[in-house]
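# What the coordinates show
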Amino acid sequence: MSSGEAGWEERSVARIVPPIRPRKLAKVPFVELAEGRLQGVVSSGSSATRVYVSSIEAETHDFNCSTNNNRPCGGAQGSFHCKHLKALIDEAVKQYGLERVARYLKVEAAEGDDLHSLLNGKLVKAPAAVVFSRFLRHLTYLKVPAGSEPLPEMHWFPALKAVH
Amino acid sequence: MQGVQLAELVQTPPGVDEAMEAVAGFDAALADGLSRLGPRHSEAVDALAGAVSASPLGAAAADACGELAVGSISDTELSALAGARAALLGAVHDALLARLDGALGRTRAEWEEHPADAQEPPANLLAGARSWLRELAIAGWRGVDEELVSAADQTLEALWAEPRLRRLAVLLDGLAAELRVSCPVATMERIPERRWADLWTRAVLLAHSGSWTGGAAAVSGRLLPLGVDVHEHGTAVQAQLHAVLEPRGDGPVRLVRAAVAAAKVDTIVGPEVWDLLSGHPTLLAAIAERRAVDIADMPLTADGDLLWDEERAKAGEPADPFATARVRLPDAEAPAVAPLDRHPVRIAEPVLVEGYKAKRDGTFDLGGAAIDVDADRLPPSGPLTPQLVNASTACIGLLRWDAGRWTLQPLAVRSVAKKQPVEAHNGDWALGPTDPKAAKALARSGSAVAVLTERAGKLLRK
Ligand SMILES: [Zn+2]
């Protein structure tokens, strides 16, 4: 079913989105490669309603970390990543695999490399609100009102074997 | 299914190759965008319209070609072309299913429309979906970038909040996610032309008038499970049970399905998806414990879908799916397929295969004929593995067709290990993994559903 196969273009069913790997979500409940950034939400440890919003830009690798109320994180300064940014990178690699994260951030990295040490951006203020609202939108999927109809369109989306 | 039946099944019905060629031409045009058709693509779009010229869609499709030629692309043209493409694939579906019924000696009910509850779908949501689908058609897959994908965000959010448009929401979200990871599509080495055109076409039809799931008639009787087919993308999961219904009173024994679905996020994967379906405990217990279910006045659509209602279901005695497949399946009447659902991807016919030789090349040799086993379609939410499939001696599976080829999708396998019969069914873990290794892995990663539900409860309260 991979795109290397002959006749792949004529298939109705094919895997396009690479599978993501299960990981513990408590510390970093939300990670995404979107809007030209690796971005996500990191638990604060002390408060359930306060979280840190961390992001790293593709190409420049400039980063930011602040609370969801836009209070700057004390740990992220100059060219130093705070523990939230480190956690974000670690969890992103667990979820997507090193290759996919590195490709998105446009950095050369080989299996076994410490991605964190290859990112040499600087702190650049970015509003946390956008990422935080994307996290809230992500969570709304768990609150979606139930439907009762069968979904025939899901035949285009079979559950496919995990890839390790 | 016997070797001779398989040998008959795999003969391609007349007309299928020609229809697929017309579809492929249109799909290539859609990949480049319908706004600036070169001579090759113009010809292909004309050929698609020509292929349905004798049908009621003929005039509208021909008009659409004329309009495209002068650069006009409105909903009218796109609906006509999507309709033509869907009609061709519907015809292919019908030819394949007739071939299957003939080969297996399967009787199938005639299509009978039950009137559905007349409810107007929210027009503004449908218009929002149509407008994004039009932009996609104009840009072509090769013109899709992140900005164009993100343009669907608000529409998608609104669609998900409307249960009547769930089919469209699930479909468009699946398509958007695929386009997003492929951005910019122009840099993709190969484009899944058939697949994306399929998804686009179905979405255009659903965005035209909303869902066409028909009305239902109440049935009562004993439901005997055959196996579970699991469907999943980043934000949705569906478990579809195939079963035999022994009706109370008169009427034929029937092949039916019962599907339950839930929204999810991409970090909920593997056996955890069952947690999202835990609002259907009787169904999940029947699946996990391989039990019959007594149903009373449960709605059944004309195309064989039970609209699952826990209030009308009671778990019954243990019922061996292999025994059901051997004894009840051969005489069960298969349901008709709703006209607008007809597409080869929707063919999923349960069969029992036994006495085969599992070959190294991934096929089952039934004696005289061999079928490819789809080893990719083994859901991470269940115990089936390629090793179990290769070692099996009996299999309940779904016959499927894609890209000119029939395959068998295993739902359950039986094998012999240390002289003891061993079985594995897709739905074995519906109440939690029964395999210690899988249970441990789940415990290690902790419950994603619990973590996210807790956050949602705290942060979305307002
Ligand atoms: Zn921080």
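The paragraphs below set out a description of the structure included in this document. Note that the coordinates shown come from a computational prediction; the quantities given were computed from them, not determined experimentally. (Residues numbered from 1 in each chain as written. Chains lettered and ligands numbered in written order. Predicted model: local features only at pLDDT ≥ 70, side-chain atom pairs only at ≥ 80, totals over all residues. Heavy atoms only, no water.)

If you tally the helices and strands in chain A, you get 3 helices and 4 strands. The order of helices and strands in chain A, counted from the N terminus, is β-β-β-β-α-α-α. With the C-alpha coordinates aligned to their principal axes, the bounding extent of chain A is approximately 50 × 40 × 25 Å. Within chain A, buried positions represent 51% of all 164 residues. A total of about 7600 Å² of accessible surface is found on chain A, and carbon and sulfur atoms cover 52% of it. If you average the places of the 21 positive and of the 17 negative side-chain charges in chain A, the two averages end up 10 Å apart. (Helix = DSSP H or I, 4+ residues; strand = E, 2+ residues; numbered from the N terminus. Buried < 20%, exposed > 50% of the residue type's maximum accessible area, 1.4 Å probe, protein only. Areas by Shrake-Rupley, 256 points an atom, 1.4 Å probe, with all protein chains shown as cover. Lys, Arg positive; Asp, Glu negative; His and termini not counted. Charge placed at Lys NZ, Arg CZ, Asp CG, Glu CD.)

The partner chain A presents 63 residues to the 84 residues of chain B that form the contact. Taking both sides of the interface into account, the surface hidden between chain B and chain A amounts to around 6500 Å²; carbon and sulfur atoms contribute 63%. When the area that chain B buries against chain A is broken down by residue, the three leading residues are Arg190(B), Arg195(B) and Arg455(B), summing to 11%. Linking chain B with chain A are 7 salt bridges, by the criterion used here. Its salt-bridge partner being Glu153(A), residue Arg167(B) comes within 2.8 Å of it at the nearest N-O pair. Remark: the boundary between chain B and chain A carries 27 residue pairs in polar contact (both at pLDDT 80 or more). It is helix 9 (residues 166-181) of chain B that provides the largest number of residues to the side of chain B that touches chain A, a total of 10 residues. Residues belonging to the side of chain B that touches chain A are distributed by class as follows: 40 nonpolar, 14 polar and 30 charged. (Contact = heavy atoms within 4.5 Å. Buried area = accessible area lost by both parts, 1.4 Å probe. Salt bridge = Lys/Arg side-chain N within 4 Å of Asp/Glu carboxyl O. Polar contact = N/O pair within 3.5 Å; in protein donor to acceptor, adjacent residues only side chain to side chain. Nonpolar A, V, L, I, M, F, W, Y, C, P; charged D, E, K, R; others polar.)

Bringing the sheet that holds strand 3 (residues 51-57) of chain A into the picture now. As a general point, the strands of a sheet are linked pairwise by backbone hydrogen bonds and lie either parallel or antiparallel. All names here are of chain A. The 4 strands lie next to each other as 1-2-3-4, forming an open sheet whose pairing is antiparallel. Every other strand in the sheet has two partners, leaving strand 1 (30-34) and strand 4 (63-67) as the edge strands with one partner each. Direction aside, the axes of adjacent strands within the sheet are offset by 15 degrees on average. Bridge count between strand 2 (residues 37-43) and strand 3: 7 bridges; the pairing is antiparallel. (Pairing = 2+ DSSP bridges. Axes fitted to C-alpha atoms, helices over the stretch in contact; angles between N-to-C directions.)

Residue and element names in this part refer to chain B. For the pair helix 2 (residues 16-32) and helix 10 (residues 193-209), the least separation of the axes is 9 Å and the interaxial angle reads 85 degrees. As far as their axial angle goes, helix 10 and helix 2 are roughly perpendicular. Contacts between helix 2 and helix 10 pair Met20, Val23, Ala24, Phe26, Asp27, Ala28, Leu30 and Ala31 from the former with Glu193, Arg194, Ala197 and Trp200 from the latter. Here the contact of helix 2 with helix 10 is composed, by residue class, of 9 nonpolar, no polar and 3 charged. (Parallel < 35°, antiparallel > 145°, perpendicular 65-115°, else oblique.)

Moving on: the packing of helix 2 of chain B against helix 3 (residues 39-51) of chain B. For any two helices packed against each other, one specifies the crossing angle of their axes together with the interaxial distance. Residues and elements named next belong to chain B. In the contact formed by helix 2 and helix 3, the axes pass within 8 Å of each other and the chain directions differ by 135 degrees. By the angle between their axes, helix 2 is oblique relative to helix 3. As for the relative orientation of helix 2 and helix 3, their crossing is left-handed in sense. Contacts from Ala22, Gly25, Phe26, Ala28, Ala29 and Asp32 of helix 2 reach helix 3 at Arg40, His41, Ala44, Val45 and Leu48. Tallied by class, the residues present in the contact of helix 2 with helix 3 amount to 7 nonpolar, 2 polar and 2 charged. (Left-handed = near helix turned anticlockwise from the far one by under 90°.)

Looking now at a negative patch on the surface. Residues and elements named next belong to chain A. Taken together, the side chains of Asp90, Glu111, Asp113 and Asp114 make up a negatively charged region of the molecular surface. Tracing the backbone shows Asp90 in helix 1 (residues 83-96). Take Asp90: its relative accessible area is 44%, and that puts it in the partly exposed class. (Patch = residues over 30% accessible without salt bridge, like charges linked within 9 Å, V, L, I, M, F, W, Y side chains within 5 Å.)

Residue and element names in this part refer to chain B. Between Cys183 and the following residue, Pro184, the backbone shows a cis peptide bond with an omega angle of -15 degrees. In this structure, Pro184 sits in the loop between helix 9 and helix 10. One non-glycine residue, Asp297, adopts positive backbone phi at about 50 degrees. Residue classification places Asp297 among the partly exposed residues on the basis of a relative accessible area of 44%.

Glancing now at the pattern of salt bridges. Residue and element names in this part refer to chain B. Under the definition given, this model contains 44 salt bridges over all chains. The residue Asp32 makes a salt bridge to Arg142 at a minimum N-O spacing of 2.8 Å. Note that Asp32 is positioned in helix 2 and Arg142 in the loop between helix 6 (123-139) and helix 7 (146-150), a separation of 110 residues in sequence. With relative accessibility at 27%, the residue Asp32 sits in the partly exposed group. Judged by relative accessible area, which is 39%, Arg142 ranks as partly exposed. With a closest N to O distance of 2.8 Å, Glu246 and Arg328 form a salt bridge. Remark: Arg328 occurs in the loop between helix 12 (321-327) and strand 7 (349-354) and Glu246 occurs in strand 2 (residues 236-247); sequence separation between them is 82 residues.

Keep in mind that these numbers describe shape and distance, not what the molecule does.
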